[in-house]
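The residues making up each chain are set out below.
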Amino acid sequence: IQDICSSTEGLCNPRGLGLMTAFDLDDSMITNYGEFSALLSKEMEYNGVLIQAVRQGRTFRVMPNFLISEEEIDFFKNACLTAYEAARQKWLCKA
């Protein structure tokens, strides 16, 4: 999660304990969390990842299976980055 947040403008505050992790949408980048988190969730699902938005869409929780492999972690990272960029592009087109 730290790698994703450090390489992605708009995602911040990576945290977690073990495999239970989370990150936030950056307040300075996104004002309407509900709309953007819906776009991001849809893009994540399109890319093969289910993710849970909480706190009115400000925070995303990640809780993978305890038997997750390095390959699956890499898949998640790539899917997250791809989904975020796609959601961001759609968001910017609406503005």
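None of the values given here were measured: they were computed from a predicted structure.

Reading the values: rules and limits
Residues numbered from 1 in each chain as written. Predicted model: local features only at pLDDT ≥ 70, side-chain atom pairs only at ≥ 80, totals over all residues. Heavy atoms only, no water. Helix = DSSP H or I, 4+ residues; strand = E, 2+ residues; numbered from the N terminus. Buried < 20%, exposed > 50% of the residue type's maximum accessible area, 1.4 Å probe, protein only. Contact = heavy atoms within 4.5 Å. Areas by Shrake-Rupley, 256 points an atom, 1.4 Å probe, with all protein chains shown as cover. Lys, Arg positive; Asp, Glu negative; His and termini not counted. Charge placed at Lys NZ, Arg CZ, Asp CG, Glu CD. Polar contact = N/O pair within 3.5 Å; in protein donor to acceptor, adjacent residues only side chain to side chain. Salt bridge = Lys/Arg side-chain N within 4 Å of Asp/Glu carboxyl O.

Turning our attention to the overall build of the protein chain. Each helix and strand counted, the protein chain has 3 helices and 4 strands in total. Mapped in sequence order, the helices and strands of the protein chain form the string α-β-β-α-β-β-α. Counting all 95 residues of the protein chain, 33% fall into the buried class. Restricting the contact set of the protein chain to residue pairs at least 6 apart, pairs at least 24 apart contribute 55%. Just so you have it, the protein chain exposes about 6,100 Å², and 54% of that area is on carbon and sulfur atoms. The averaged location of the 13 negative side-chain charges in the protein chain is 8 Å from the averaged location of its 9 positive side-chain charges.

As a further point, take the side chain of Thr8. Its place among the elements puts Thr8 in the loop between helix 1 (2–6) and strand 1 (11–17). There is a polar contact of 2.8 Å between the side chain of Thr8 and the backbone oxygen of Ile4. Those residues within four positions of Thr8 in sequence are excluded, and the remaining contacts are Leu81 and Tyr84.

This part covers the pattern of salt bridges. On inspection of all chains with the given rule, the structure shows 5 salt bridges. In this structure, Glu43 engages Lys90 in a salt bridge whose closest nitrogen and oxygen atoms are separated by 2.5 Å. Here Glu43, found in helix 2 (residues 33–46), pairs with Lys90, found in helix 3 (residues 70–94); they are 47 residues apart in sequence, far enough to count as distant. Take Glu43: its relative accessible area is 8%, and that puts it in the buried class. A relative accessible area of 41% means that Lys90 is categorised as partly exposed. Between Glu85 and Arg88 there is a salt bridge, and its shortest N-O distance comes to 3.5 Å. Within this pair, Glu85 and its partner Arg88 are both found in helix 3, separated by 3 residues, close to a single helical turn. Within this structure, Arg15, Asp24 and Arg55 form a network of salt bridges that share partners.

These results come straight from atomic positions and should not be treated as a statement about function.
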